[in-house]
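# Structural overview
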Protein chains: 2
Amino acid sequence: MTTDRMTADGARRSYTIVGAGAVGLLYGTRLAVAGHPVRWLVRSGADTIAAEGIEVQSEGRRLRIEPADVVVASEPGALPASDVVVVATKTTANGRLGELLAGAGVPGATIAVFQNGLGAEEVVRAQVPGTGAVLGGLCFVCAHRHGPGRAEHLDYGAVTLAPLEVEHLPAADEVAADLRRAGVEAAVLDDLGVARWRKLVWNIPFNGLCALLDASTDALLADAATRALVADLMDEVIAGARAAGHDIPEAFRDEMLAATDAMRPYDPSMKLDLAAGRPLEIDAIYDEAVRTAREVGVPMPRTEALAAMLRFRGRPAPLPPT
Amino acid sequence: MTTDRMTADGARRSYTIVGAGAVGLLYGTRLAVAGHPVRWLVRSGADTIAAEGIEVQSEGRRLRIEPADVVVASEPGALPASDVVVVATKTTANGRLGELLAGAGVPGATIAVFQNGLGAEEVVRAQVPGTGAVLGGLCFVCAHRHGPGRAEHLDYGAVTLAPLEVEHLPAADEVAADLRRAGVEAAVLDDLGVARWRKLVWNIPFNGLCALLDASTDALLADAATRALVADLMDEVIAGARAAGHDIPEAFRDEMLAATDAMRPYDPSMKLDLAAGRPLEIDAIYDEAVRTAREVGVPMPRTEALAAMLRFRGRPAPLPPT
């Protein structure tokens, strides 16, 4: 057990953070500052990060990793294998997760997927042989990346962890304990499906509508028409979750509306991704939910409509004439 | 009967055109050029139209009414009462239709509503006492207004007429005959509900999606996701129509898709209205259909979602800080 490994030699569990977006930078830096060996596996910007270090502005604090202390590479083979691998890439790259994670963790490593949407944990289990626990990590956080190794943490930050297989609950407890020691609010749920669908109750209405309507959360909730649409979408997601066997009470909708009313106005990453011409996480956040609910006979027509509009808006620009 | 009145004295039926947008200008000018007395009741621009006349570019022809021949006013009391009143305003002004049309027609006049959406004929019947036939007029036309008394007719132009009450079918035939003599393709249907809902099968997907996605009809049909959404929306409208007793065959969806594939790429007026900050015809095109279908137990969730998003996008801008 990794717990024994840590307590036996007194060392902190080592972490490889895959992806240096806002989420990866925030939690990886917190873990590093708390004394964990942290390695960074990034698609681009490795040279800049190696040369300039990492800096995260988090709730008024400046968290910094000096260049001499940064262990960063673009290939897993160039990094030591870690006890825990945190997948903090966008889901749009999940098609090559197996390749990306090969060798990133020690034999029996825990892989924690810090993404939105459905389905990534199953992909990890299928494509990364030799993995121990596979955890879902749901990040309730407002944070933005500003450049290679640079991020700003604006608000919230709690992480909910849940294991793909319930016998791996201890691994979820271990990662949660590490995060808490690093100053991150962390909770563990035993039902990954419930955890993922609860997050979708928020992501499905707000990610899509904020992107399509170029609006922040507060504007959507202040308008009667879009507030009703948000509520209808939440109902649709809850009905899909319940039909798929994930027990989310119908009253969760009003909880989520109230929580968002109380939130600082926020632009979900999908809005920023659309504005910047980056790929949108439509498969993981929308299609998987629609497909899962349809298999148990529950249509999600509003969710499907949103997905189609997002897919249109996010389509690659035509090549310029030559 | 107006037919007798015309044939008895050999004169052409007189028309008051209410609203000098693209639709009013196009059909009113055609009728005037064909020899009908045409009077214009406009909300704004009466002085400019009186001074400069009316000019419509229609399929390569320049149709012109000289200033000396223009009869235009901003109040119905300032115009002679006509045999036929054509309502060519946006539905967003339908709240004051009774007031707008008072005295515009002779006793027993025919009122023909050249608008999209549902419900305007019933409003006219209820609010304009002394009216004879009330007709729906469905204009399948691509045309744009360029300024007071100026419009361009780009493509199509057929009008389908249907009476609110079937006993007024002869009045629909008369107006259709006048339009045909003026060079307009015109048809008569005996079922106004079928006529209006058939038009909605096109307007509900394309008006809203073209506006929300800032796209022309061809772009929506070329993308697999939005093409499927257009088809789903059409299915939803057809199901609503059928439940409400209007017999539109399910195959009408594929007819409409094929017809739009064959059309020149088009920007529906709702897209232009949104871009120009003008009010959107959400009530007449979306809400009435959703309400009608809901009353007979058929939900239209995609249509409702579109309406909510349009209402958000079309909301009045906040007042500037003082």
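Note that residues are indexed from 1 along each chain, following the sequence as it is written. Whichever chain is written first becomes A and whichever ligand is written first becomes 1, with later ones labelled in order. Side-chain atom pairs in this predicted model are given and counted only at pLDDT of 80 or more, local residue features only at pLDDT of at least 70, and totals for whole chains, interfaces and linings cover all residues. With hydrogens and water set aside, each side-chain value is computed from the structure's full complement of heavy atoms.

## Focus: the interface of chain B and chain A
Counting from both sides, the interface comprises 21 residues of chain B and, opposite them, 21 residues of chain A. A quick way to say it: buried area is the sum, across both parts, of accessible area lost when two parts are put together, with a 1.4 Å probe. The largest per-residue losses of area from chain B upon contact with chain A belong to B:Leu213, B:Met309 and B:Phe312, which jointly make up 35% of the total buried on that side. Any Lys or Arg side-chain nitrogen located within 4 Å of an Asp or Glu carboxyl oxygen qualifies as a salt bridge. Where chain B packs against chain A, one counts 2 salt bridges. Linking A:Arg302 and B:Glu304 is a salt bridge whose minimum nitrogen-to-oxygen distance equals 3.7 Å. Polar contact is defined as a pair of N or O atoms within 3.5 Å, subject to the rule that within protein one atom must be able to donate a hydrogen and the other to accept it, and that residues adjacent in sequence are counted only when both atoms are side-chain atoms. Viewed at the interface, chain A and chain B are joined by 0 residue pairs in polar contact (both at pLDDT 80 or more). For the side of chain B that touches chain A, the secondary structure elements donating two or more residues are helix 7 (192-213), helix 8 (217-222), helix 9 (224-243) and helix 13 (301-313) of chain B. Among the elements that line the side of chain B that touches chain A, the one with the most residues is helix 13 of chain B, at 10 residues. Residues count as neighbours in contact if any of their non-hydrogen atoms are within 4.5 Å of one another. Each helix is a run of DSSP H or I of at least 4 residues and each strand a run of E of at least 2, with the numbering of both proceeding from the N terminus.

## Observations regarding the side chain of B:Thr91
Turning to its location among the elements, B:Thr91 is positioned in the loop between strand 6 (82-87) and helix 4 (97-101). Those residues in contact with B:Thr91 that lie beyond four places of it in its chain are B:Gln115, B:Asn116, B:Glu281 and B:Ala284.

## A look at helix 11 (residues 269-276) of chain B
All names here are of chain B. For the exposure calls, accessible area comes from a 1.4 Å probe over protein chains only, and a residue counts as buried if that area is under 20% of its type's maximum, exposed if over 50%, partly exposed in between. Residues of helix 11 that are buried: Met270, Lys271, Asp273 and Leu274. Looking straight down helix 11, one finds its buried side chains confined to an arc of 165°; they lie on one side. The elements touched by buried residues of helix 11 are helix 7, helix 12 (282-295) and helix 13. Looking at the residues trailing helix 11, positive phi occurs at glycine 277, about 75°. Arc definition: directions from the helix axis to the C-beta atoms.

## Points about the packing of helix 7 (residues 192-212) of chain A against helix 9 (residues 224-243) of chain A
Residue and element names in this part refer to chain A. Remark: helix 7 packs on helix 9, axes separated minimally by 9 Å, with the N-to-C direction vectors making an angle of 145°. Two packed elements cross with a definite hand, and for helix 7 against helix 9 that hand is right-handed. Residues Trp197, Leu200, Val201, Ile204, Pro205, Phe206 and Leu209 of helix 7 touch helix 9, and the partners they reach there are Leu229, Val230, Leu233, Met234, Val237, Ile238, Gly240 and Ala241. Angles run from 0 to 180 degrees between N-to-C directions of axes, and those axes are lines fitted to C-alpha atoms, restricted for helices to the stretch in contact. Handedness of a crossing follows from how the near helix is turned relative to the far one, being left-handed for an anticlockwise turn of less than a right angle and right-handed for a clockwise one.

Remember, this is a structural readout, not a statement about activity or role.
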